[in-house]
Amino acid sequence: MFYSFKGFIPVVHPSSFVHPQAVVTGNVIIGKDVYIGPGAALRGDWGGIVIEDGCNVQENCTIHMFPGVTVVLKAGAHIGHGAIIHGASIGCNVLVGMNAVIMDNVEVGDESIIGAMSFIKENTIIPVRSLVVGNPGKVINEVSDEMIGWKTKGTKLYQMLPADCKETLVACEPLTDLPANRPRQESLYDTWNNIKNETF
């Protein structure tokens, strides 16, 4: 669902997919090959939201800000289920884990990983390639080449998902019985097995 607000109409690149049960309001700009999942709320009413190419904002995420602030998700940012980004800047190829909360004026450095359920307090500056966990979040290590490689490959799946959704996602009524010719999901979703051992 898209809503204009005070003359600002969301902008979405045609290659991206915003689920019909997501809500995108006002001054929101969504780049190429972006996936926005159901239940996500992107509120560009008091400020702006810029989601650069190849990002994903998964189910039940919230992105918002205090007045006059622009939230930026740089290219390849991966925002896990239920996370909240409030007035923060998320660097390139960052992973924000499920149900993490990133508060105002936080800057997350490129290729960092924020652990699931972490709380990053206001005004925190996270260096490039930091592994952060806890409440409040603390840097516990540097992100290794292997870790960022797995993250990048996982994000690649989400970058392919918009095209798959546009091609195959159809509202339907559920079946009452399991059909004999139901496809095996393993054969449909072998993409991860194909890419997880690739080198970048």
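Not measured: the values here are computed from a predicted model. (Residues numbered from 1 in each chain as written. Predicted model: local features only at pLDDT ≥ 70, side-chain atom pairs only at ≥ 80, totals over all residues. Heavy atoms only, no water.)

(A) Quick look at the sheet that holds strand β16 (residues 113-114). If you trace the eight strands from one edge of the open sheet to the other, you get β3-β5-β7-β10-β13-β16-β19-β20, paired in mixed fashion. Each end of this open sheet is capped by a strand with a single partner; those strands are β3 (17-18) and β20 (138-142). Sheet analysis places β3 next to strand β5 (residues 35-36), joined by two bridges and oriented parallel. By the bridge assignment, V18 is partnered in β5 with I36. (Pairing = 2+ DSSP bridges. Helix = DSSP H or I, 4+ residues; strand = E, 2+ residues; numbered from the N terminus.)

(B) Highlighting the packing of aromatic side chains. Across all of its chains, the model carries two aromatic pairs by this definition. Seen in terms of ring centroids, F17 and Y35 are 6.2 Å apart; in terms of plane orientation they differ by 15°. Their pairing is stacked. Here Y35 lies in strand β5 and F17 lies in strand β3, a separation of 18 residues in the sequence. When its relative accessible area of 10% is taken as the criterion, F17 is described as buried. Where Y35 meets Y158, the ring centres are 5.7 Å apart and the plane angle is 50°; that geometry is what we call tilted. On the criterion of sequence distance, the pair formed by Y35 in strand β5 and Y158 in helix α1 (residues 145-168) is long-range, its members being 123 residues apart. In textbook terms, an aromatic cluster arises when at least three aromatic residues are bridged by ring pairs, as seen for F17, Y35 and Y158. We note R43 situated over the ring of W46; from NZ or CZ to the ring centre the distance is 5.5 Å. (Phe/Tyr/Trp six-rings, centres within 6.5 Å; stacked < 30°, edge-to-face > 60°. Buried < 20%, exposed > 50% of the residue type's maximum accessible area, 1.4 Å probe, protein only. Lys NZ or Arg CZ within 6 Å of the ring centre and 35° of its normal.)

(C) How the structure looks around the nonpolar core. Residues L42, I51 and I90 are the most contacted members of the largest nonpolar core, which totals 34 residues. Secondary structure elements with two or more residues in this core: β4 (23-30), β6 (41-51) and β9 (70-73). Each residue touching I90, except ones within four places of it in the same chain, is listed here: V72, L73, K74, A77, I79, I85, V96, I102 and V108. (Core = buried A, V, L, I, M, F, W, Y, C linked by side-chain atoms within 4.5 Å. Contact = heavy atoms within 4.5 Å.)

(D) Seen up close, the pairing of β9. On β9, burial follows the alternation: V71 and L73 on one face are buried, whereas T70 and V72 on the facing-out side are not. In terms of strand pairing, β6 meets β9 through four bridges, oriented parallel. When the sheet's bridge partners are listed, V50 is paired in β9 with V72. For β9 and strand β12 (residues 89-90), the ladder comprises two bridges, and the chain directions are parallel. Across the sheet, L73 pairs through a bridge with I90, a residue of β12.

Spatial relationships are all this shows, so hold off on functional conclusions.
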